[in-house]
Amino acid sequence: MKFLLLVRPALLAVLAILSVSLSAGISRAEVSATDVLGRTVTLPEPAKRVVLSFYYEDFIAITGPGAMDRVVGVSLSPWKDWRPNQYAAYLNAIPSIADLPDVGDTENGTFSIEKVISLKPDLVVLAAWSWNALGENVEQFEQAGIPVVVLDYNAQTLEKHVASTLALGKLMGTEDRAEKLAADYKAQYGDTMARVAKAGPSPNKVYVELAQKGPGTIGNSYGNGMWGTVIESVGGTNIAKGQVENWGPLNPEYVIAQQPDIILLAGSEWVNKPEAVLVGFGADPKLAQERMAAYLTRAGWSDLPAVKTGNVHAIYHGGARTLSDFIYGRYIAKLVHPEAFADVDPAAEIKAYYDEWLPIKADGIYVMPISNTVN
């Protein structure tokens, strides 16, 4: 009896220690992050069931191996329809993507909050533009007890790129990976800005056009945001500035009058666009060159400085607004300040980024000057 009396306090002490340890373990498993809207998002443990509305490649890069195994639903159209060859490359590398339920898309009004809730996610990842599109409807997620994190690479600011990356890394339990990606982004961005500052002002005028419908139709240019923001950030003069607020076509006579020194034809993986400049995953260089050359036949273009010097380039439209967009910024910076970036090879940097962070290769065309043989 005396022995039992001695054991009982000791046993209670052990149980107390175990209880404290277990509580501490639960506390350590809890993850919390601040998203780009300044909202604090807290999960009891790193997310295991995610609904992903956008930023597919960034999610995979930040989460790392097995990323898509933790996704239970996806907004399919912005991936499969906007970037079909990119989607096909990931589908080949990760076949299980084909089985993911489609929750619809805020861009075309098909996004279904009810379907998202039915999938019982422990985290919903929304782009800021999707959050805004949903408006008050996002409250349904809170009512259902489903946390939402808002990311924003579309803003094209260093601050929001870093904030988005670190927030997602914390919530997915891959903070070390996210911190490395954010640090690399800041370093490359810093290097670009330092070179631009050292090079000083540039007289180069830049015209960018969405090369989707062929030379017979004037495609959008970008006054603010997208390529317009990138051009200005690296010291080029964006001729669309002040002509269109965000995006829209420029008057052909205005473009000729501006005499641009650099022309960027923003291409992508569009389907059923027989005259588009097709670049991106799996793009055919010969076809891309032929489609680019067609633009040079426009009235008045043969006398433009950019055309005379062969300074016409294809650039992957899908490369903007991502964690790898710093590379496209470096490409444009090299066009604006050739000497300052003489040792920089953006095409090689794109391939290196994919090799390090993603499960697919960057096989295709992402940046490309027009061939001398077509001028």
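Bear in mind that the values here come from a model prediction, so they are computed numbers and not experimental data. (Residues numbered from 1 in each chain as written. Predicted model: local features only at pLDDT ≥ 70, side-chain atom pairs only at ≥ 80, totals over all residues. Heavy atoms only, no water.)

Regarding the packing of helix α8 (residues 158-172) against helix α9 (residues 175-199)
How we decide: Helix axes use the C-alpha atoms of the stretch in contact, all axes being lines fitted to C-alpha atoms, and the angles between their N-to-C directions lie in the range 0 to 180 degrees. We count a stretch as a helix when DSSP gives it H or I for four or more residues in a row; a strand needs E for two or more, and each element gets its number in order from the N terminus. An angle below 35 degrees is treated as roughly parallel, one above 145 as roughly antiparallel, one from 65 to 115 as roughly perpendicular, and anything else as oblique. Here a crossing is called left-handed whenever its near helix is offset anticlockwise from the far helix by less than a right angle, and right-handed whenever the offset is clockwise. Pairs of residues are marked as contacts when any of their non-hydrogen atoms sit within 4.5 Å. Charged means Asp, Glu, Lys or Arg here, nonpolar means Ala, Val, Leu, Ile, Met, Phe, Trp, Tyr, Cys or Pro, and polar covers whatever is left, Gly included.
Where α8 contacts α9, the two axes come as close as 7 Å, and the packing angle between them is 165 degrees. As the angle between them shows, α8 and α9 are arranged roughly antiparallel. The hand of the α8/α9 crossing is right-handed. Facing α8, whose interface residues are L158, H161, V162, T165, L166, G169 and K170, α9 presents E175, A178, E179, L181, A182, Y185, K186 and Y189. Considered class by class, the residues forming the contact of α8 with α9 number eight nonpolar, three polar and four charged.

Quick notes on the sheet that holds strand β5 (residues 123-127)
This is how the line gets drawn: We call two strands paired when DSSP finds no fewer than two bridges between them.
Spatially, the four strands line up as an open sheet ordered β4-β3-β5-β6, and their pairing is parallel. Since the sheet does not close on itself, it has two edges, and those belong to β4 (71-74) and β6 (148-151), each with one partner. The sheet shows a mean angle of 25 degrees between the axes of neighbouring strands, direction not considered. Bridge count for β5 against β6 is four bridges, and the pairing is parallel. Looking across to β6, one finds that V124 is bridged to V148. In the packing of α8 onto the sheet, contacts are made with β3 (50-52), β5 and β6, and the angle to β6 comes to roughly 155 degrees.

Topic: the packing of α9 against helix α15 (residues 346-357)
At a minimum axis distance of 13 Å, the contact between α9 and α15 shows a crossing angle of 170 degrees. Classed by the angle they form, the pair α9 and α15 counts as roughly antiparallel. Where α9 abuts α15, its residues R177, K180, L181, D184 and Q188 lie against E349, Y353, E356 and W357. In terms of residue class, the contact of α9 with α15 is built from three nonpolar, one polar and five charged.

A few points about the packing of aromatic side chains
To keep things clear, this is the line we draw: Aromatic rings from Phe, Tyr and Trp, taking only the six-membered ring of Trp, are treated as a pair when their centres fall within 6.5 Å; an angle between ring planes under 30 degrees marks them as stacked, one over 60 as edge-to-face, and anything in between as tilted.
The tally for this structure, following the rule as stated, stands at 18 aromatic pairs. With centroids separated by 6.3 Å and ring planes inclined at 20 degrees, the aromatic side chains of W82 and W129 adopt a geometry described as stacked. You can see W82 sitting in the loop between α3 (77-80) and α4 (84-93) and its partner W129 sitting in helix α6 (residues 128-134), a full 47 residues away along the chain. Relative to Y316, the ring of F281 has its centre 6.4 Å away and its plane inclined at 80 degrees; by these criteria the two rings are edge-to-face.

Considering helix α14 (residues 325-336)
This is how it is decided: A helix is expected to span 1.5 Å for every residue after the first. Burial status follows relative accessibility: with a 1.4 Å probe on protein chains alone, a residue under 20% of its type maximum counts as buried, one over 50% as exposed, and anything between as partly exposed.
Here α14 is 12 residues long and its end C-alpha atoms lie 17 Å apart, about the 16 Å a rise of 1.5 Å per residue gives. The buried fraction of α14 is high, at 11 of 12 residues.

Focus: unusual backbone geometry
For M226, which is not a glycine, the phi torsion comes out positive at approximately 50 degrees. In this fold, M226 is placed in helix α10 (residues 226-233). The buried category is assigned to M226, whose relative accessible area is 9%. Although it is not a glycine, N272 adopts a positive phi angle of roughly 60 degrees. Topologically, N272 is positioned in the loop between β11 (262-267) and β12 (280-281).

Observations regarding the environment of A333
Here A333 shows up in helix α14. Excluding anything up to four places from it in sequence, A333 contacts T192, V196, V234 and F341.

Overview of the pairing of strand β2 (residues 40-43)
Of the two faces of β2, only one is covered, namely that formed by V41 and L43; the face formed by T40 and T42 stays uncovered. Pairing of strand β1 (residues 31-34) with β2 involves four bridges; the strand directions are antiparallel. Each bridged residue has a counterpart across the sheet, and for T34 the counterpart in β2 is T40. Count of turn residues in the β1/β2 antiparallel hairpin: five residues, of which G38 carries a positive phi of about 80 degrees.

Quick word on the sheet that holds strand β9 (residues 237-238)
Across a sheet, strands are paired by hydrogen bonds formed along the backbone, either parallel or antiparallel in direction. In space, the five strands of this open sheet follow the order β9-β7-β11-β13-β15, with mixed pairing throughout. Where the open sheet ends on each side, the last strands, each with one partner, are β9 and β15 (367-369). Two strands pair when backbone bridges link them, and strand β7 (residues 205-210) and β11 are joined in this way by five bridges, in the parallel orientation. Among the inter-strand pairings, E209 is bridged to a residue of β11, identified as L265.

The values are spatial; any link to function lies outside them.
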